[in-house]
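Letter by letter, the chains look like this.
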Amino acid sequence: MQFGVQDMLKLRIPDSIARQMLEHAAAEAPLEACGILAGRRAMVERCYKMKNAEGGTDHFMMEPAEQFRVVKDIRAAGLETLAIWHSHPDSPARPSPEDIRLALTPGVVYIILSLKSGMPDIKAFNINDGNVTEVPLLAGLPKRNESGTDTAAS
Amino acid sequence: MKVTINGKPDDIGEGLNVDGLLAEQEVKMPEMVSVELNGDILRRSQFHSAVIKEGDQIEFIYFMGGGSGLNAINRATD
Amino acid sequence: MDSMPLTEQQIERYSRQIILQQVGGEGQQRLLSSRVLIAGAGGLGSPAAMYLAAAGVGTIGIADGDKVDRTNLQRQVIHFTRDVSRPKVDSAKEKIQAINPGVNVITHNVRLNAANAGDIVSDYDFVIDGTDNFAAKFLINDACYFQKVPFSHAGILRFEGQLMTVLPGTTCYRCVFRTPPPAGAVPSCSQAGVLGTLAAVIGSLQATEAIKYLLGIGELLTDTLLTYDALAVNFRKVRLKRNPHCILCGRQPQITILADEPQKECNSGCKTC
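Residues numbered from 1 in each chain as written. Chains lettered and ligands numbered in written order. Predicted model: local features only at pLDDT ≥ 70, side-chain atom pairs only at ≥ 80, totals over all residues.

### Description of unusual backbone geometry
Of the consecutive residues A:Ala29 and A:Pro30, the connecting peptide bond is found in the cis state with omega at 5 degrees. Tracing the chain through its elements places A:Pro30 in the loop between α1 (15–28) and β2 (34–40). For B:Glu26, which is not glycine, the phi torsion reads 60 degrees and is therefore positive. Structurally, B:Glu26 is set in the loop between α1 (18–24) and β3 (33–37). (Helix = DSSP H or I, 4+ residues; strand = E, 2+ residues; numbered from the N terminus.)

### What about the interface of chain B and chain A?
Taken together, the 20 residues of chain B in the interface contact 27 residues of chain A. Counting residues per element, the ones that place at least two in the side of chain B that touches chain A are β3, β5 (57–62), β6 (65–67) and α3 (70–77) of chain B. Examined bridge by bridge, strand β4 (residues 59–61) of chain A and β6(B) share 3 bridges and lie antiparallel to one another. In the strand pairing of β6(B), A:Phe60 is matched with B:Gly66. (Contact = placed C-beta atoms within 7 Å. Pairing = 2+ DSSP bridges.)

### A look at the sheet that holds strand β5 (residues 151–157) of chain C
Residue and element names in this part refer to chain C. Pairing in this open sheet of 8 strands is mixed, and the strands run β3-β2-β1-β4-β5-β6-β7-β8 from one edge to the other. Here the strands that pair on one side only, and so sit at the sheet edges, are β3 (104–108) and β8 (234–239). Neighbouring strand axes in the sheet, compared pairwise and without regard to direction, differ in orientation by 15 degrees on average. Judged from the 7 bridges that link them, β5 and strand β6 (residues 160–166) form a sheet pairing that is antiparallel. Within β6, the position partnered with Ser 152 by the bridge is Thr 165. Sitting on the sheet, helix α10 (residues 196–215) touches β1 (35–39), β4 (126–129), β5, β6 and β7 (224–229), and the angle it makes with β5 is about 175 degrees. (Axes fitted to C-alpha atoms, helices over the stretch in contact; angles between N-to-C directions.)

Below is the structure:
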């Protein structure tokens, strides 16, 4: 649990990760797919495809046992949990009131992958106490002249 | 006494049950949290009875879920 | 289809591809006896039609019920300034025949719908989805499924594009994207905008897939969604599988006849419409 962590200002998702997310979402459709993204310094390195224990087309729920396994795996790899994502097969890439209500884990970005529009749409959000702000998602690698903070969006 | 919480060593008071530990960790919604004590996932009814001992390894994680609830709306308007 | 030997003029015209090992004179004859439908003479349809004509696809069908509009000229390069207000199929036919008089152009000056789509696509070997709205994309997907005609699905918006090839038996558009969005829920090109060159990139890829299919060469983009991000210059291939729950091609199909998608009211609660 990361208490007091600043809201994430941006998140980088490499191609291979975005592809895994899309594949998982497409494979699980019309059910909602879900997963956890882990990495370091706002750069995603791993995508954990999670089981939707709710098995619903308009709901998702992770299994605590699987959550514990994944969190320990992330820790053992020296990474942090950066985002929780799920798909909206039939609605836009925006958190629903229920998504906002159940965004309980502090310090992570909430990502929604929509298949609704006929073209995949991935958006990320900080959700705190019911307040939703969009987080820019950047692709691929940081710019080479980075010292410790990222430069402007790619 | 020394315990491990979410992989980090920590020092907590003696005699705390899980409810007390979650309160001490400032968990805002303990009813939405899953707890694993020494590798076993506790039932909610055990949060009161399970007492933390020296050297225990505790993991807790928030419920992760959501839902668009959209199909309910669609069905209502069809 | 009887394949007449290539004339000297044809050998000269198509020499640059005839010398390709995967094409040859035989491949060229195959293209000359093929029939490809371009659904939508717009952004995607323009480069697709022009390159297929240049390659010598013998019969090219164009289906579009619209007239050329000034706002089309930014990306629909088969239409020129002087074509504004003209039926798109006429404008397209003229340019195709100027590129290659040997191509037989069939114009379908109609908006595709459930009543006509089945009959129209059934006459062709391959269909290119060059439409600009999601309802039409689903209609083409369904019509090609029922008529067992292979097709290339594609879409472009802002600085992004996507592409996939659907053959009978492979992942269809509805396997991934179940239904079109409600009216007004997703911006169209007229609302969100699109960079013209996206049409060139994606439309040309569609024509390439068509030619590969007709010649039986290379690996088709089946069970795969290719996405293109022009700003980051990223091409991404997403593996897909046929969806057993697909409402069209799954185990318990809910769509059993071609039908126009009802335009639902947007009720997703979003605030941007």
